Amino acid sequence: METVKKTQTVLITGSTSGIGFGIARAFAKAGYNIIFNGLEKEGPDIAAVVAKEFNVGTMYSPANMLKPDEIAAMVTEGESKFGSIEVLINDAGIQFVGPIEDFPNDKWDAIIGINLSSSFHTSKAVWKGMKNKKFGRIINIASAHGLVASEFKSAYVAAKHGLVGLTKVLALEGAEFGITANSICPGYVKTPLVDKQIEDQAKAHNISKEKVVSDIMLAPQAIKEFVDIESVAALALYLAGNDARMITGAALSIDGGWTAH
Ligand code: NAD
């Protein structure tokens, strides 16, 4: 876990589960040091296992994405451990589904805080280091819901549209410093976040989980399959590399044709 190599370092929020964890594994396989973050209590173990498996440096921070002070401290700790952070991937996110008139205020605040504002705070915290190095890659895990809406997801859709907008501003401000910023907009990916939605929707509509998947979730996609975590990770890895240096300010769909409608 403590092996520090002279290589690039990636900070991935929400990387102790789901898509973020898959991205972390792909970057570790490619030789990056990984700064893990997320609320899962297994965080330290996950960091240790990945360090051993791929022979890279890792660190785990339990920073809460609702707390700007903890975000800043995580970045400072990561920079002092690894020297610099070249890649920032904002992945932490939560979901809540409900009609606008019953949508709980605290859920709205939490979703905007974790899915949008935390990316402002992380980007702000890594900016100076990237600017000094004249190199940086910021990759925001938005969603198809950053580009189109679905009913009952007011906070999530607002946060993800906001994230796509924030990404464009970072791209414009970062250009002269060698910093690129892009959003990845996946369709449905089978992760704990989606498993919970399948259960909730099955109860809400009183239909089977299979029907939720076929008639609700995958209905808007042209290709009726979940997106693989590995495919999202491969796109992130590409965006972090040199071949992607001219891609900035983009919102890249990986959604089986959902937003082609
Ligand atoms: P997940 O629930 O498996 O993982 C979410 C991660 O965020 C976890 O590690 C969790 O601990 C972390 N997190 C949540 N609140 C946090 C907080 N306050 N502070 C720090 N960490 C926190 O979910 P996932 O499906 O892998 O989603 C990852 C990202 O991808 C989210 O931003 C989500 O909106 C986005 N996304 C998911 C899908 C999908 O279908 N699964 C589709 C498009 C976009």
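So, a few notes on the structure that sits alongside this text.

What counts and what doesn't
Once a new chain begins, its residue numbering starts again from 1 and follows that chain's sequence as written. pLDDT decides what is reported in this predicted model: residues at 70 or higher carry local features, side-chain atom pairs at 80 or more are listed and counted, and totals for whole chains, interfaces and linings draw on all residues regardless. Each side-chain value is derived from all of the structure's non-hydrogen atoms; neither hydrogens nor water enter the calculation. When DSSP finds at least two bridges between two strands, those strands are taken to pair. The helix and strand labels rest on DSSP assignments: H or I over at least four residues marks a helix, E over at least two residues marks a strand, and numbering proceeds from the N terminus. Helix axes use the C-alpha atoms of the stretch in contact, all axes being lines fitted to C-alpha atoms, and the angles between their N-to-C directions lie in the range 0 to 180 degrees. Any residue with a heavy atom lying within 4 Å of a molecule or strand is counted as near it. Throughout this description, a polar contact denotes any pair of N or O atoms lying within 3.5 Å of each other; where both atoms belong to protein, one of them has to be capable of donating a hydrogen while the other can accept it, and for residues adjacent in sequence the pair is counted only when both atoms sit in side chains. Accessible surface area values rest on a Shrake-Rupley calculation with a 1.4 Å probe, where residue burial reflects the displayed protein chains alone. Side-chain classes are defined by residue name, with Ala, Val, Leu, Ile, Met, Phe, Trp, Tyr, Cys and Pro counting as nonpolar, Asp, Glu, Lys and Arg as charged, and the others, Gly among them, as polar. Under the scheme applied here, a residue whose accessible area is under 20% of the maximum for its type counts as buried, over 50% as exposed, and between as partly exposed, the area being computed with a 1.4 Å probe on protein chains only. For crossovers, right-handed means that the path from the first strand over the helix to the second runs clockwise, given strands pointing away from the viewer. For this document, the term salt bridge refers to a Lys or Arg side-chain nitrogen within 4 Å of an Asp or Glu carboxyl oxygen. Note on contacts: a residue pair qualifies if any of its non-hydrogen atoms lie within 4.5 Å across the two residues. An angle below 35 degrees is treated as roughly parallel, one above 145 as roughly antiparallel, one from 65 to 115 as roughly perpendicular, and anything else as oblique. Two helices that cross are described as forming a left-handed crossing if the nearer one is turned anticlockwise from the farther one by less than a right angle, and a right-handed crossing if clockwise.

## Quick look at the sheet that holds strand β1 (residues 9-12)
A sheet is described by the order of its strands in space; here seven strands give the open sequence β3-β2-β1-β4-β5-β6-β7, paired in parallel fashion. The open sheet has two free edges, formed respectively by β3 (58-61) and β7 (251-254), since each of these has just one partner strand. Pairs of neighbouring strands in the sheet enclose a mean axial angle of 15 degrees, with direction left out of account. Here β1 runs beside strand β2 (residues 33-37); their pairing, made up of four bridges, is parallel. Residue pairing for β2: Ile12 is matched across the bridge by Phe36.

## Quick look at the site of the ligand
Taken together, 30 residues lie around the ligand, and Ser17, Asp91, Tyr156, Val189 and Thr191 are the ones closest in. At 2.9 Å from an oxygen atom of the ligand is found a main-chain nitrogen or oxygen belonging to Leu39. Taking Tyr156, its side chain carries an N or O atom lying 2.5 Å from an oxygen atom of the ligand. In isolation the ligand exposes 830 Å². Once the protein is present, 94% of that is buried. Listed by contribution, the elements that provide at least two residues to the shell around the ligand are α1 (18-29), α5 (154-174) and α6 (192-205). Classifying every residue of the shell around the ligand by side-chain character gives 16 nonpolar, 11 polar and three charged.

## Thoughts on the pairing of β1
Alternating residues of β1 divide into Thr9 and Leu11 and Val10 and Ile12, and every residue in both groups is buried. Where the polypeptide runs from β1 across α1 and back to β2, its parallel neighbour, the crossover connection is right-handed. In this sheet, strand β4 (residues 87-90) lies alongside β1 in parallel orientation, the contact comprising three bridges. Looking at β4, one finds that Leu11 is bridged to Leu88.

## Points about the pairing of β4
Residue alternation in β4 divides its side chains into two sets, Val87 and Ile89 and Leu88 and Asn90, and both sets are buried. Looking at chain direction, β4 and strand β5 (residues 136-141) are connected through four bridges and run parallel. In the strand pairing of β5, Val87 is matched with Arg137. Following the chain from β4 across helix α4 (residues 105-133) to the adjacent parallel β5, one finds a crossover that is right-handed.

## Considering the pattern of salt bridges
A complete count under the given rule lists six salt bridges for this structure. We note a salt bridge from Glu86 to Lys133, for which the minimum N-O separation is 2.6 Å. Placement of the pair is Glu86 in the loop between α3 (68-82) and β4 and Lys133 in helix α4, with a sequence separation of 47 residues. In this structure, Asp195 engages Lys190 in a salt bridge whose closest nitrogen and oxygen atoms are separated by 2.8 Å.

## Details of the environment of Gly78
Here Gly78 lies in helix α3. Sequence separation between Gly78 and Ile94 is 16 residues, and the spatial gap between their C-alpha atoms is 24 Å. Beyond its immediate stretch of four places on either side in the chain, Gly78 contacts Ile35, Met59, Gly83 and Ile85.

## Details of the side chain of Asn140
In this structure, Asn140 sits in strand β5. The exposure class of Asn140 is buried, given its relative accessible area of 0%. Excluding residues within four positions of it along the chain, Asn140 makes contact with Asn90, Ser119, Leu163, Thr167, Leu170, Asn182, Ser183 and Ile184.

## Observations concerning the packing of α1 against helix α2 (residues 43-54)
Contact geometry of α1 with α2 gives a least axis separation of 9 Å together with a crossing angle of 30 degrees. Taken together, the axes of α1 and α2 lie roughly parallel to each other. As α1 runs across α2, the sense of the crossing is right-handed. Within the contact between the two elements, α1 uses Phe21, Arg25, Ala28 and Lys29 and α2 uses Ile46, Val50, Glu53 and Phe54. When grouped by side-chain class, the residues that make up the contact of α1 with α2 number five nonpolar, no polar and three charged.

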